[in-house]
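Observations on the model geometry
Chain by chain, the residues run as shown.
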Amino acid sequence: MQAAAAKTDPANTTGEPVYQLRNVGKTYARNAIVALEGVNLTLNKGSFSAVIGSSGCGKSTLLKIMSGLIPPSTGRVVLQDRPVTGPRRDIGMMFQQATLFPWRTTLENIVLPIEIRDGKAAAKAAHEQGRALLELVGLKGFENTYPSELSGGMAQRASICRMLITEPAVLLLDEPFSALDELTRDFMNMELQRICTTRNATAFLVTHSIQEAVILSDVVYVMKPRPGRVAEVVTIDLPRPRTLDMMTTPKFGELVEHIRSSLDKEAFK
Amino acid sequence: MSNLERIADTAPATEEDTVWTEHVGWLDQVPRAVQMLFVFVVFVLVWDMVTRFGLVSPIILPTPAETLADMIFVGKNLATGGYMLPALWITLKEVFYGFLLAIAIGFTLGVIVGETAFGERAIMPYLVAIDTMPKVAFAPLFVAWLGFDIHSKVALAAFIATFPIIVGTAAGLHAADTNSRNLFKTMGASRWQTLIKMKLPMGLPQIFTGLKIGSVGVMAGAITGEFLGGGKGFGELIRTAASQLNTPRVFALILYLSIVGLALFAFVAWVQRRFVFWHKERAGLGGES
């Protein structure tokens, strides 16, 4: 299974490859610590992929490499036919914390990436676009509120807008809703699906939750530690759009169970 | 049991309802202004007793009444443009220029130390070393270098106030969390943009804490400078009054100085509230967030 996963890359066949990783590895401390080894993955246009694994399985390292924050030690990282050699404007990121800046209004926070890249005038010109995004995520009317007045879920919606404002080719989601309560998280996951579908976005999610990975994804990469690697690639063939009701179906249960046992095998080794 | 069942029914409110009040001590129910007034009155009463019954010589400690009378005298002198007004003006100038200088130097060094690895590794140790020196001991040097005019006092005032501003600025720049840093990196922000748009605004609470501590130090520096380097400021008035054993005057002058110090502190706090409106600060004077 593991060997098969490393060679073949059974990503969904919906669209053109957007983001490709070939044999990506990362070592620390002069090759003494192997954080990541031989990772192959392809994100196709409009697909949703998730990576799941226990702490220390290298998924944070993988995400850092994919976001251009750190260079890989080996392998090729190619986004839209260009190698990733640093932060790129066609990469959108979202973190566990909303990371909105309290001295900026919601709208000013959302256009911040534009302001950084193209200056204040461009940011001003993007206000209209920002308003449209706020409407998309259901935050219409909160343009001029400060983040302190937003709830956790609302703040994460705003940070979705900030990620989308530059129209990135790929969305990298680092446990985006894990700080929210369960009810809000389920709801936000469905919202995320809706937003991604609306914009035909290519998304890559890092999560601790098997259910979350299965309900959102077309492909789930199961990662294992020591060394960090992709141990299994699970294709999720549940129909779209996904609903929360699907979480009670036997098919969903089987998939979750399969991934769980795959993860457990490693834990007791 | 039957009682519980009866309550479980949606019975109308009766006198059996469990309504009770949390206990709050009577002292805590008194308004704050009254509490403060109470402490003040007790303080003055004890002071008055101590002097009235001759426990302390009147040369060492004047009575509250004498002090009040002298405060009125000094107040009148200041209000009518008497000889004390130019003295106060000189001290105010020293405090003003000293604070300005401290802000300029402290902020610049704070950014260098807080933002660059070189500054933190190579410069900060020296700053810490200088900070641990008794800075007042430099006063004679400043007088030797800059003379008896206000320059030496400005220098000492700035010298004392600079360090808390350096520390506050450096700490403020370190306040940014990993997520914010990573976010700015992924947005492709330059170092300058990260500093201006994220680190500095995020560090404002700490920077203002440094400024507030500095605003207290600058006053002390100016007066110490006047004590040790002469001149014609308010500190000189205090020194003269003390040498004449005119303790009520000393007390009165100190109280006016403390009003100036309080005003400066309040001004910094006001600016902070304007600029750092988004930061919820705990109530009270000058506390760290």
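Since we're looking at a predicted model, the values are computed, not measured.

Some remarks on the overall build of chain B
Helices and strands together make up the secondary structure of chain B, namely 12 helices and 0 strands. Starting at the N terminus and walking to the C terminus, you meet the elements of chain B as α-α-α-α-α-α-α-α-α-α-α-α. Computed over the C-alpha atoms, the radius of gyration of chain B is 27 Å, more than 25% above the 19 Å expected from 2.2 N^0.38 for a compact globule of 289 residues. With the C-alpha coordinates of chain B rotated into their principal frame, the extents come out at 90 × 70 × 35 Å. Across the 289 residues in chain B, those meeting the buried criterion constitute 34%. Taking all contacts inside chain B whose residues are at least 6 apart in sequence as the whole, residues at least 24 apart take part in 77%.

Structural notes on the UniProt feature "domain: ABC transmembrane type-1" (unreviewed entry) in chain B
Under the local residue numbering, the UniProt record ascribes the feature "domain: ABC transmembrane type-1" (unreviewed entry) to residues 88-268 of chain B. Summarising residues 88-268 of chain B: 86% helix, 0% strand, and an end-to-end C-alpha distance of 20 Å.

Examining the confidence of the model for chain B
Residue and element names in this part refer to chain B. Across chain B, pLDDT averages 88, with 91% of residues at or above 70. Here helix H1 (residues 2-8) is the element of chain B with the lowest mean pLDDT, 54, and helix H5 (residues 84-115) is the one with the highest, 95. Considering only residues more than four positions removed or in separate chains, one finds that residues 282-289, a stretch of pLDDT under 50, has 7 contacts. Here the predicted complex scores 0.81 on pTM and 0.83 on ipTM.

A closer look at unusual backbone geometry
Residue and element names in this part refer to chain A. Here the residue pair Arg226 and Pro227 is connected by a cis peptide bond, since its omega of -10 degrees sits within 30 degrees of zero. Its place among the elements puts Pro227 in the loop between strand S9 (219-224) and strand S10 (229-235). In the segment running from Arg240 into Pro241, the intervening peptide bond is cis, with an omega of -5 degrees. Its place among the elements puts Pro241 in the loop between S10 and helix H10 (250-267).

Focus: the pairing of strand S7 (residues 170-174) of chain A
Residue and element names in this part refer to chain A. Of all 5 residues that make up S7, 5 are buried, and the element is covered over most of its length. Burial along S7 is two-sided: Val170, Leu172 and Asp174 and Leu171 and Leu173, pointing in opposite directions, are all buried. The pairing of strand S6 (residues 91-94) with S7 spans 4 bridges and is parallel. Paired with Gly92 across the two strands is Leu171, which belongs to S7. In this structure, S7 lies alongside strand S8 (residues 203-207), joined through 4 bridges in parallel fashion.

Focus on the domain arrangement of chain A
Residue and element names in this part refer to chain A. Each assigned domain of chain A is listed with its residue range as follows: domain 1 (2-90 + 176-267) and domain 2 (97-167). On a C-alpha basis, the centroid separation for the pair domain 1 and domain 2 is 26 Å. Tallying the contact residues gives 11 residues for domain 1 and 10 residues for domain 2. Each residue belonging to the side of domain 1 that touches domain 2 can be placed in one class, and the counts come to 6 nonpolar, 2 polar and 3 charged.

Examining the UniProt feature "transmembrane region" (unreviewed entry) in chain B
Residues and elements named next belong to chain B. According to UniProt, the "transmembrane region" (unreviewed entry) feature falls on residues 33-55, 95-114, 126-148, 154-176, 207-230 and 250-271. The span residues 95-114 carries 100% helix and 0% strand; its end-to-end C-alpha distance comes to 26 Å. The span residues 250-271 is 100% helical and 0% strand by assignment, and the distance between its end C-alpha atoms comes to 32 Å.

Quick word on the pairing of S8(A)
All names here are of chain A. Burial analysis of S8 places 5 of its 5 residues in the buried class, which makes it a mostly covered element. Of the two faces of S8, the one lined by Ala203, Leu205 and Thr207 and the one lined by Phe204 and Val206 are each fully buried. Read as a crossover between parallel neighbours, the route from S7 over helix H8 (residues 182-199) to S8 is right-handed.

A short note on the packing of H5(B) against helix H10 (residues 191-229) of chain B
All names here are of chain B. At a minimum axis distance of 8 Å, the contact between H5 and H10 shows a crossing angle of 140 degrees. Pair H5 / H10 crosses with right-handed handedness. Between H5, through Thr91, Glu94, Val95, Gly98, Phe99, Ala102, Gly106 and Glu115, and H10, the contact on the second element is made entirely by Leu195, Gly214, Ser215, Val218, Met219, Gly221, Ala222 and Gly225. Along the lines of polarity and charge, the residues of the contact of H5 with H10 split into 7 nonpolar, 7 polar and 2 charged.

Some remarks on the interface of chain B and chain A
With 13 residues of chain B in contact, the opposing surface of chain A contributes 17 residues. Where the side of chain B that touches chain A is concerned, the elements lending two or more residues are helix H9 (178-186) and H10 of chain B. Ranked by residue count, the leading element in the side of chain B that touches chain A is H9(B), at 6 residues. Here the residues of the side of chain B that touches chain A sort into 6 nonpolar, 6 polar and 1 charged.

A look at the sheet that holds strand S3 (residues 48-52) of chain A
Residue and element names in this part refer to chain A. Pairing is mixed in the open sheet, where 6 strands are placed in the order S6-S7-S8-S3-S9-S10. The sheet is open, and its two borders are formed by S6 and S10, each paired with just one other strand. Within the sheet, the average angular offset between the axes of one strand and its neighbour, ignoring direction, is 20 degrees.

The rules behind the values
Residues numbered from 1 in each chain as written. Chains lettered and ligands numbered in written order. Predicted model: local features only at pLDDT ≥ 70, side-chain atom pairs only at ≥ 80, totals over all residues. Helix = DSSP H or I, 4+ residues; strand = E, 2+ residues; numbered from the N terminus. Rg over C-alpha atoms; globule rule 2.2 N^0.38 Å. Buried ≥ 20, exposed ≤ 12 C-beta atoms within 10 Å, placed from the backbone. Contact = placed C-beta atoms within 7 Å. UniProt positions renumbered as here; feature names shortened; annotations may be inferred. pLDDT = per-residue confidence, 0-100. Pairing = 2+ DSSP bridges. Domains from an automatic or database assignment. Nonpolar A, V, L, I, M, F, W, Y, C, P; charged D, E, K, R; others polar. Right-handed = clockwise from strand over helix to strand, strands pointing away. Axes fitted to C-alpha atoms, helices over the stretch in contact; angles between N-to-C directions. Left-handed = near helix turned anticlockwise from the far one by under 90°.

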